[in-house]
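# Observations on chain architecture
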Amino acid sequence: MSGEQVLIGSIDQGTTSTRFIIYDKQARPIGSHQVEFTQFCPQAGWVEHDPMEIVESVRVCVTKAIDKATADGHNVDRGLKAIGLTNQRETTVVWSKSTGCPLHNAIVWMDVRTTSICRRLEKELQGGRTHFVDTCGLPISTYFSALKLLWLMENVDAVKEAVVKKDALFGTIDTWLIWNLTGGINGGLHVTDVSNASRTMLMNLKTLEWDKPTLETLGIPPEILPKIVSNSEVIGNITTGWPITGIPIAGCLGDQHAAMVGQACRKGEAKSTYGTGAFILLNTGEEAIQSTHGLLSTVAFKLGPDAPVNYALEGSIAIAGAAVQWLRDSLGIIKSASEIEELALQVDSTGGVYFVPAFNGLFAPWWRDDARGVCIGITRFTNKCHIARAVLESMCFQVKDVLDSMHKDAGEKGEVKNEKGEFLLRVDGGATVNNLLMQIQADLLGSPVVRPADIETTALGAAYAAGLAVGVWTEEEIFAAGHKTDKAAFFHPTMMEELRKKKVDSWCKAVSRTFDLADLSL
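Bear in mind the structure is a predicted one, so any value in this text is a computation, not a measurement.

## Considering the side chain of Ser-17
- Among the structural elements, Ser-17 can be located in strand E2 (residues 17-24).
- In this structure the side chain of Ser-17 is engaged in a polar contact, spanning 2.8 Å, whose partner is the side chain of Gln-34.
- Among all residues touching Ser-17, those that are not within four sequence positions of it are Asp-12, Gln-34, Val-35, Glu-36 and Phe-37.

Next comes the structure, spelled out in structure tokens:
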């Protein structure tokens, strides 16, 4: 193969696995590698990752993906022009500037140890749970990084001491990886991007800078925070000791924002990513809309230092694919995640069973951290097929709850419809290979679902951002490519409206049964 080949690499650091994908100029993957890493659960509701293991997982994925692409005849050494990075959001790391060592395990986005801090702040602050919403678009919740940082500062002696000695650095996973990739203790860059910063609860949505009054209210010293950059610009070059030494890191986005770019979501278009959780974002254009229906206002993307900001409404669902893992790992009902579709297809309904996976509370639009999971409607007739189908339905009902809230917030003018007057939901993520899941989603929404040929749109979005920064693609090319539907799969609703309404009513009844269950005695 010619040395003229143009390639872009994408690091996709997710909640349960890391991958590295190499794309060619046509945005086709030509080499990839993925590894899972350890999930630590030291107490009920606590979830942690080892930051050093995450760095090592990136190293392994980069090395092996390059080996595979090279073995297939691609000249990666000469062709690789830039690296994009996308990451699990809100997961929080504090490390030592002088040693480069983490001062505690990373606290993962779904971890709920900060519940007592949330309750305390709600009582102390004038606006209660919504005190910071006008500034950052987010309610006080265990979900966001600022609360996790407060917990570390209050409960971990090493963090307390490092903050006092001005030796502490805070970051989400993007910040931690970029610091290590660009030199670590030998001059590593301490940066984050606008999308990840918008999930900390510390960034002003309008100025795109750390909000001084918020930092003062929470007692967070500004010197531990990274510099905020756009999603598409040359941040810095990769240091020696990596197989991609000297290559620029030129794109960085939180995973859901990267998926929006990968799906080419223009103003008025929405996407739902089905992974460990599920995340639905609607691009609201250059206006940040404050939700009155339990959604978050967030940055969608800013594709360059001088580019306009696109904002989004987001609804986050804590447990989607994780419920399937629970069926596999905790109940043993299935041996692999892919078996759930076959099992659920053995029945044509759930037999009246409704499953609400509020394992660690409920996110949007309910925001109830006192909720716990329930499975109701069980009779002697119920078997594992009904439960498997109810688990799939639970993902789709949760997505519908969020989209209904989005339509109320954005209004008729805030969404793009096709020539038939239908709102299309773009979908991606690992769980979308399940055709039954996608059909149930279309049925419960009463509108079509479109799945692209390449469902790994998160990694693709990060590659697009990096390629845009170094001139491999233009913005027009990226958004035109995302709207090609020749290889996409469409799922159209077939359920009668009356049945849909009945099922939604039953779902709402099931959700109401999950509230106020967090303190059930052991």
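## Some remarks on unusual backbone geometry
- For the bond from Ala-364 to Pro-365, the omega torsion is -10°, close enough to zero to count as cis.
- Assignment of secondary structure puts Pro-365 in the loop between strand E19 (354-356) and strand E20 (374-376).
- Positive phi values are uncommon outside glycine, yet Glu-90 reaches one of about 70°.
- For Glu-90, the location among the structural elements is in the loop between strand E5 (80-87) and strand E6 (92-96).

## Quick notes on the sheet that holds strand E3 (residues 29-36)
- Here we have 6 strands laid out as an open sheet, ordered E3-E2-E1-E5-E14-E13, and mixed in their pairing. Taken across any chain shown, the strands that pair with only one partner, and hence form the sheet edges, are E3 and strand E13 (232-237). Each adjacent strand pair in this sheet contributes to an overall mean axis angle of 25°, direction not counted.
- Bridge count for strand E1 (residues 7-13) against E2 is 7 bridges, and the pairing is antiparallel. Counterpart to Leu-7 in the pairing with E2 is Asp-24.
- Strands in contact with helix H1 (residues 51-71) are E1, E2 and E3; relative to E3, the strand with the most contacts, it is inclined by about 150°.

## Describing the domain arrangement of the protein
- Here the domain parsing of the protein yields domain 1 (92-171 + 189-229) and domain 2 (321-401 + 498-513).
- One C-alpha centre belongs to domain 1, the other to domain 2; they are set 33 Å apart.
- Facing 11 residues of domain 1, the contacting portion of domain 2 comprises 4 residues.
- Across the interface of domain 1 and domain 2, roughly 640 Å² is buried in total on both sides, 62% from carbon and sulfur atoms.

## Focus: helix H10 (residues 255-262)
- A large share of H10 lies buried, amounting to 8 of its 8 residues.
- Asp-255, Gln-256, His-257, Ala-258, Ala-259, Met-260, Val-261 and Gly-262 are the residues of H10 that are buried.
- Just past H10, the residue Ala-264 takes up positive phi, approximately 55°.

## Remarks on the side chain of Arg-113
- Among the secondary structure elements, Arg-113 is positioned in the loop between strand E7 (106-107) and helix H3 (115-124).
- For Arg-113, the side chain forms a polar contact with the side chain of Glu-48, separated by 2.9 Å.

## Here we look at the packing of helix H13 (residues 384-410) against helix H14 (residues 435-445)
- As a packed pair, H13 and H14 sit with axes 9 Å apart at the nearest point and diverge in direction by 45°. Here H13 is positioned oblique relative to H14, judged by the angle of their axes. For the crossing formed where H13 meets H14, the hand is right-handed. Every residue of H14 that contacts H13 at Arg-389, Leu-392, Glu-393, Met-395, Cys-396, Phe-397, Val-399, Lys-400 and Leu-403 is listed here: Leu-436, Leu-437, Ile-440, Gln-441, Leu-444 and Leu-445.
- Residue composition of the contact of H13 with H14, by class: 11 nonpolar, 1 polar and 3 charged.

## So, the packing of aromatic side chains
- For the structure shown, the criterion picks out 19 aromatic pairs.
- Between Phe-397 and Trp-507, the ring centres sit 4.9 Å apart and the planes meet at 10°, which makes this aromatic pair stacked. Remark: Trp-507 occurs in helix H17 (residues 497-512) and Phe-397 occurs in helix H13; sequence separation between them is 110 residues.
- By relative accessible area, Phe-397 is classed as buried at 1%.
- Its relative accessible area of 2% is what places Trp-507 among the buried residues.
- In this structure an aromatic cluster arises from ring pairing among Trp-109, Tyr-143, Phe-144, Phe-279, Phe-363 and Trp-367.
- Above the face of the Trp-151 ring, Arg-113 is positioned so that its terminal group lies 4.6 Å from the ring centre.

## Remarks on the pattern of salt bridges
- One pass over the structure, following the stated rule, counts 24 salt bridges.
- Note that Arg-89 is salt-bridged to Glu-314, the shortest N-O span being 2.6 Å. With a gap of 225 residues between them, Arg-89 in the loop between E5 and E6 and Glu-314 in strand E18 (residues 310-317) connect regions that are remote in the sequence. When sorted by exposure, Arg-89 lands in the same class as Glu-314, which is buried.
- Put simply, Arg-89, Glu-90, Arg-199, Asp-255 and Glu-314 are held in one network by salt bridges that share partners.

## Remarks on the environment of His-74
- If you trace the backbone, His-74 turns up in the loop between H1 and helix H2 (76-79).
- The exposure class of His-74 is buried, given its relative accessible area of 12%.
- Counting along the chain gives 198 residues from His-74 to Ser-272, while the straight-line C-alpha distance between them is 33 Å.
- Polar side-chain contacts of His-74 include one of 3.0 Å to the side chain of Gln-5.

Calculation criteria
For every chain, the first residue of its written sequence is number 1, and the numbers climb from 1 along that sequence. This being a predicted model, a pLDDT of at least 70 is required before a residue's local features are given, and a value of 80 or more before pairs of side-chain atoms are given or counted; all residues contribute to the totals for chains, interfaces and linings. The side-chain figures draw on all heavy atoms in the structure; neither hydrogens nor water molecules are used. Comment: elements are numbered from the N terminus, with helices defined as DSSP H or I runs of at least four residues and strands as E runs of at least two. In the analysis that follows, any N or O atom pair within 3.5 Å is treated as a polar contact, provided that within protein one partner can donate a hydrogen and the other can accept it, and provided that, for residues neighboring in sequence, both atoms belong to side chains. Two residues qualify as a contact provided that any one of their heavy atoms is within 4.5 Å of a heavy atom in the partner residue. Strand pairing follows a simple DSSP-based rule, namely that at least 2 bridges must link the two strands. Axes, fitted as lines to C-alpha atoms, cover a helix only where it is in contact. Angles between the N-to-C directions of the axes lie from 0 to 180 degrees. The domain limits used here are those given by an automatic or database domain assignment. The buried area of a pairing is the accessible area, by a 1.4 Å probe, that goes missing from both parts when the two are put together, added over both. Think of it in three bands: with a 1.4 Å probe and only protein chains considered, a residue is buried below 20% of the maximum accessible area for its type, exposed above 50%, and partly exposed in between. When an angle is under 35 degrees it counts as roughly parallel; over 145 it counts as roughly antiparallel; between 65 and 115 it counts as roughly perpendicular; any other value is oblique. Left-handed describes a crossing whose near helix is turned anticlockwise from the far helix through less than a right angle; right-handed describes the clockwise counterpart. Basically, the charged four are Asp, Glu, Lys and Arg, the nonpolar ten are Ala, Val, Leu, Ile, Met, Phe, Trp, Tyr, Cys and Pro, and anything else, Gly included, counts as polar. Any Phe, Tyr or Trp ring, taking Trp's six-membered ring, that has another such ring centre within 6.5 Å forms a pair; planes under 30 degrees apart are called stacked, those over 60 apart edge-to-face, and the others tilted. In this analysis the charged atom, NZ for Lys or CZ for Arg, is taken to sit over a ring once it is within 6 Å of the ring centre and within 35 degrees of the ring normal. A carboxyl oxygen of Asp or Glu within 4 Å of a side-chain nitrogen of Lys or Arg is what we treat as a salt bridge.

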